[in-house]
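# Secondary and tertiary structure notes
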Amino acid sequence: MHAFPTFASRFQAGAAHSACLAAAIAAAALAFPIQALAQGKPGEPEGSSWGLGLGAGVKQQAYRGMDRDTKALPLLQFENQYVKVFGPGLELKLPGLRISDTQRLSFGLIGKYDGSGYEAEDSPFLAGMEERKGGLWAGGQVKWENDLANLSARWTADASGNSKGQQFSLGLERSFRLGQQFMLSPRLVATWQDRKTVDYYYGVRAGEARAGRAAYQGESGVNTELALRGMYLFDRQHSLFVDVGVTRLHAGIKNSPLVDRSSESNVFVGYMYRFR
């Protein structure tokens with residue numbers, strides 16, 4: 001009688017982790033569109049485009065005793081002047097502002113399924129902990145595209161109501177085009193997480209406390225990500241990408257008894273075929 005619920009629970013956890021990796025892989029692949037390798041100025045009009053591909057990701061979370069999460073996943077992308085879909089993420093584009101030939105402000109409403117969280121079975125150190133669920137995060141973003149570096153600001157809230165938390169991030173990215181086929185793009189992103197978010201995913205409630213795992217209330221703080229993305233374009237349809245990043249965790253996370261690392265890392269690689 002208990003076999004099916006156990007299987008279903010593990011399947012849902014695997015699906016959530018896959019969704020989290022899919023979002024990161026898709027974002028890595030599509031953070032700078034392939035048209036950028038053929039066009040030079042931001043904000044130039046583009047028609048509809050969509051693509052299919054395959055990505056593989058390896059992500060190491062900070063939870064004690066949790067193994068690296070490795071997945072191979074299909075990728076789906078669609079974009080036109082009104083909407084952008086990337087994996088489990090969606091952006092509804094709002095009217096932007098063209099400042100000059102090389103500068104543009106763009107605005108959007110965003111939503112993304114985040115597979116963060118865990119089940120007690122994910123690690124021996126999580127035994128006795130209640131499940132922490134991922135969910136839908138929604139909000140808005142603004143981007144300033146220019147010929148020196150691109151700046152972005154994004155605010156999201158947990159629309160699923162699991163953590164009832166909020167996050168705000170500031171990103172700086174500079175792209176270097178090497179010839180007509182290759183691009184390198186380093187980025188720096190600072191993400192503030194409020195107390196509710198940290199406490200939900202890294203806190204320990206009184207009823208969950210055990211020997212060696214004291215009760216803990218998470219505190220807000222800022223994570224810092226340093227990453228490098230590369231894309232090689234065989235032609236206007238076929239491309240390969242790789243994205244490598246390390247995120248330094250703030251004290252509100254590092255001080256949790258559920259955590260034994262001060263950073264998280266990820267590597268994503270993939271192939272994309274784009275239709276026109």
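That block above? That's the structure.
Residues numbered from 1 in each chain as written. Predicted model: local features only at pLDDT ≥ 70, side-chain atom pairs only at ≥ 80, totals over all residues. Heavy atoms only, no water.

One finds Tyr 63, Tyr 118, Leu 126, Met 129, Tyr 202, Ile 253 and Leu 258 to be the most contacted residues of the largest nonpolar core, which totals 16 residues. With 4 residues, the single largest contributor to this core is helix 2 (residues 195–202). If we ignore the near neighbours within four places in the chain, the residues touching Tyr 118 are Tyr 63, Met 66, Leu 126, Met 129, Glu 130, Glu 131, Arg 132, Tyr 201 and Leu 258. (Core = buried A, V, L, I, M, F, W, Y, C linked by side-chain atoms within 4.5 Å. Buried < 20%, exposed > 50% of the residue type's maximum accessible area, 1.4 Å probe, protein only. Helix = DSSP H or I, 4+ residues; strand = E, 2+ residues; numbered from the N terminus. Contact = heavy atoms within 4.5 Å.)

A few words now on the pairing of strand 13 (residues 263–275). Side chains Glu 264, Asn 266, Phe 268, Gly 270, Met 272 and Arg 274 of strand 13 all project onto a buried face; the interleaved residues Ser 263, Ser 265, Val 267, Val 269, Tyr 271, Tyr 273 and Phe 275 project onto a face where none is buried. Direction of pairing for strand 1 (residues 49–60) relative to strand 13: antiparallel, over a ladder of 11 bridges. Residue pairing across strands places Trp 50 opposite Phe 275, the latter belonging to strand 13. (Pairing = 2+ DSSP bridges.)

Looking now at the side chain of Arg 213. Relative to the helices and strands, Arg 213 resides in the loop between helix 2 and strand 11 (221–233). For the buried residue Arg 213, which engages in no salt bridge, the nearest side chain bearing the opposite charge is Glu 208, 6.5 Å off. Of note is the side chain of Arg 213, whose polar atom sits 2.8 Å from the backbone oxygen of Ala 127. Beyond its immediate sequence surroundings of up to four residues, Arg 213 is in contact with Phe 125, Leu 126, Ala 127, Gly 128, Met 129, Val 204, Glu 208, Pro 257 and Leu 258. (Lys, Arg positive; Asp, Glu negative; His and termini not counted. Salt bridge = Lys/Arg side-chain N within 4 Å of Asp/Glu carboxyl O. Polar contact = N/O pair within 3.5 Å; in protein donor to acceptor, adjacent residues only side chain to side chain.)

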